[in-house]
Amino acid sequence: MDEIMTNRLDRGFEKYRTEFEEAALRVLGSGWYILGKECESFEEAFASYIGSRYCAGTGNGLDALTLACRAIKLEPGDEVIVPGNTYIASVMGISIAGGTPVFAEPDEYYGIDPDDIERKITDRTKAVMVVHLYGLPAQMDRITDICKKHSLKLIEDCAQSHGAHFGDTVTGAFGDIGCFSFYPSKNLGAFGDGGAAVSASEEYIKRIKMLRNYGSAQRYVNEEVGINSRLDEMQAALLKVRLGHMAELIEEKKKAAAFYDSAIKNPALILPKVREGAEHVYHQYVIRCADRDKLQAYLKDKGIATIIHYPIPPHLSKAYAYLGVKEGSLPVTEKYAKEVLSIPMYTGITREEQERVADALNSFEA
Ligand SMILES: Cc1ncc(COP(=O)(O)O)c(C=O)c1O
């Protein structure tokens, strides 16, 4: 029997092959490959999809986060509260921009815990960065209130939550700046690297556009030390094709998640829950098991690949040893890192594949 992989990007391509091919050929024949009409057109369409006003395409999600942190003018010593259980890019965005990451614990839905945000606020806190991890929005009603009350900037890391709503608002439109990754495996994935920042503030987006292009808004006039991080014309054109199908793509993932919800019945496993008022778009379908490593090996033996998002929380990585946040200081984050497991969930997953995954999970004995 074939191995079931954690993702099948080929199926995501096949689904809209003709449209992708047309877009790619249009760009190839255009003679214009960086910062042109395709990027502008995608930026406009993406801002409108999120329900925000302005958008700047970037080379990847990390740069969107870094430039967002620079746009709010983080100064050395400024603290940004960020969830402990995130992909390390969220944290690097803060530190590359010169800020100090301060970690908060997650709630039972894997989003940053608003109570812990409040506990971590100091007189040096400048901003909160929320991460809508796995595709489920964080507790945005409480978090926006906390930011207002303490005059903190709010940056959203939406790398995993394209199109996910909390209430009537789409993630990315709550904060001062919403940041996105279009890494190929994301729900809105490119065919290479890509990212974007959205905002209701023209000023922030102008600044990000200046910083993404060597600190120049006008050719050869450099106002600041910037970087080179642009969403190229090919990726923008291909992303726009996929953007046009987001409703269908999200629906497909929700159906696949509903199947897992009903088919997985092993009491040794904790299935993902959906926060009240929020929509989960299932970038990942993440289960928990006290005996996670044994479960992962068991599934591998049955030809089912899985991944851990993420095995080493950023505060325990060598990169952030300098912060001095010791093991044991974020017990919930550390527990999740030992227990979480992402099972196959992708565009084009078949019912047979899902049944094999669910049967294997149900026959696992902890
Ligand atoms: C939560 C989160 N933040 C940021 C990133 C960084 O995005 P990129 O890989 O496009 O730099 C990713 C994905 O890779 C992510 O999952």
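## Here we look at helix α4 (residues 61-71)
Of all eleven residues in α4, nine are buried; the element is thus mostly enclosed. If you check which residues of α4 are buried, you get G61, D63, A64, L65, T66, L67, A68, C69 and A71. Residue N60 occupies the N-cap position of α4, its side-chain oxygen lying 3.1 Å from the main-chain nitrogen of L62. Once α4 finishes, K73 follows within two positions and takes phi at roughly 60°, a positive value.

## Some words on the sheet that holds strand β2 (residues 79-83)
In spatial order, the strands read β1-β9-β8-β5-β4-β2-β3; together these seven strands make up an open sheet with mixed pairing. Either end of the sheet is taken by a strand with one partner, and the two such strands are β1 (54-58) and β3 (100-104). Geometrically, the sheet is characterised by an average inter-axis angle of 20° between neighbouring strands, direction not taken into account. Inspection of the sheet shows β2 paired to strand β4 (residues 125-131) by three bridges, in the parallel sense.

## Topic: the packing of helix α2 (residues 17-30) against helix α9 (residues 233-243)
At their nearest, the axes of α2 and α9 sit 9 Å apart, and the two run at 155° to each other. Comparing the axis directions of α2 and α9 gives the class roughly antiparallel. In this structure, α2 crosses over α9, and the sense of that crossing is right-handed. Between α2, through E19, F20, A23, A24, R26, V27 and L28, and α9, the contact on the second element is made entirely by E233, M234, A237, L238, V241 and R242. Residue composition of the contact of α2 with α9, by class: nine nonpolar, no polar and four charged.

## Some words on the sheet that holds strand β14 (residues 340-343)
Taken together, the three strands give an open sheet; going across it, the order is β12-β13-β14, and neighbouring strands pair in antiparallel fashion. Edge positions in the sheet fall to β12 (269-270) and β14, since each of these pairs with one other strand and no more. Direction of pairing for strand β13 (residues 285-289) relative to β14: antiparallel, over a ladder of four bridges. Bridge pairing in β14 links R288 to V340. Strands β13 and β14 of the sheet are contacted by helix α12 (residues 331-339), whose axis makes an angle of about 100° with β13.

## Things to note about the packing of aromatic side chains
Each pair of aromatic rings is reported with the distance of its centres and the angle of its planes. What the rule picks out here adds up to 17 aromatic pairs. Ring plane angle 70° and centroid distance 5.4 Å describe the contact between Y110 and Y134, whose orientation is recorded as edge-to-face. Within this pair, whereas Y110 is found in the loop between β3 and α6 (114-120), its partner Y134 is found in the loop between β4 and α7 (140-149), the two being separated by 24 residues in sequence. The lysine or arginine in question, K273, covers the ring of Y109, its NZ or CZ lying 4.9 Å from the ring centre.

## Brief notes about the site of the ligand
Surrounding the ligand, one finds 15 residues, the nearest of these being G61, D157, Q160, S181 and K186. Here an oxygen atom of the ligand sits 2.9 Å away from a polar atom, N or O, in the main chain of L62. Contact between the ligand and Q160: an oxygen atom at 2.9 Å from a side-chain N or O atom of the residue. Summarising the interface, the protein chains cover 91% of the accessible area of the ligand, which totals 390 Å² for the free molecule. Of all the secondary-structure elements, those providing two or more residues to the shell around the ligand are α4 and α5 (88-96). At three residues, the largest contribution of residues to the shell around the ligand is made by α4.

## Looking at the packing of α4 against α5
Interhelical geometry of α4 versus α5 gives an angle of 40° and a closest axis separation of 8 Å. Looking at the two axes, α4 sits oblique to α5. As for the relative orientation of α4 and α5, their crossing is right-handed in sense. Note on element contacts: α5 touches α4 through A89, S90, M92, G93, I94 and I96, opposite L62, L65, T66 and C69. The residue makeup of the contact of α4 with α5, split by class, is seven nonpolar, three polar and no charged.

## A look at the domain arrangement of the chain
What the domain assignment reports for the chain is domain 1 (9-243) and domain 2 (246-363). One C-alpha centre belongs to domain 1, the other to domain 2, and the line joining them spans 23 Å. Counting residues at the interface gives 46 residues for domain 1, matched by 43 residues for domain 2. Contact between domain 1 and domain 2 buries roughly 3,700 Å² in total, counting both sides, with carbon and sulfur atoms accounting for 58%. Taken together, the links from domain 1 to domain 2 amount to five salt bridges. Taken together, the elements giving at least two residues each to the side of domain 1 that touches domain 2 come down to α1 (9-15), α5, β3, β6 (165-166) and α9. Class assignment of the residues belonging to the side of domain 1 that touches domain 2 gives a composition of 21 nonpolar, 17 polar and eight charged.

Calculation rules
Residues numbered from 1 in each chain as written. Predicted model: local features only at pLDDT ≥ 70, side-chain atom pairs only at ≥ 80, totals over all residues. Heavy atoms only, no water. Buried < 20%, exposed > 50% of the residue type's maximum accessible area, 1.4 Å probe, protein only. Helix = DSSP H or I, 4+ residues; strand = E, 2+ residues; numbered from the N terminus. Polar contact = N/O pair within 3.5 Å; in protein donor to acceptor, adjacent residues only side chain to side chain. Pairing = 2+ DSSP bridges. Axes fitted to C-alpha atoms, helices over the stretch in contact; angles between N-to-C directions. Parallel < 35°, antiparallel > 145°, perpendicular 65-115°, else oblique. Left-handed = near helix turned anticlockwise from the far one by under 90°. Contact = heavy atoms within 4.5 Å. Nonpolar A, V, L, I, M, F, W, Y, C, P; charged D, E, K, R; others polar. Phe/Tyr/Trp six-rings, centres within 6.5 Å; stacked < 30°, edge-to-face > 60°. Lys NZ or Arg CZ within 6 Å of the ring centre and 35° of its normal. Near = heavy atom within 4 Å. Areas by Shrake-Rupley, 256 points an atom, 1.4 Å probe, with all protein chains shown as cover. Domains from an automatic or database assignment. Buried area = accessible area lost by both parts, 1.4 Å probe. Salt bridge = Lys/Arg side-chain N within 4 Å of Asp/Glu carboxyl O.

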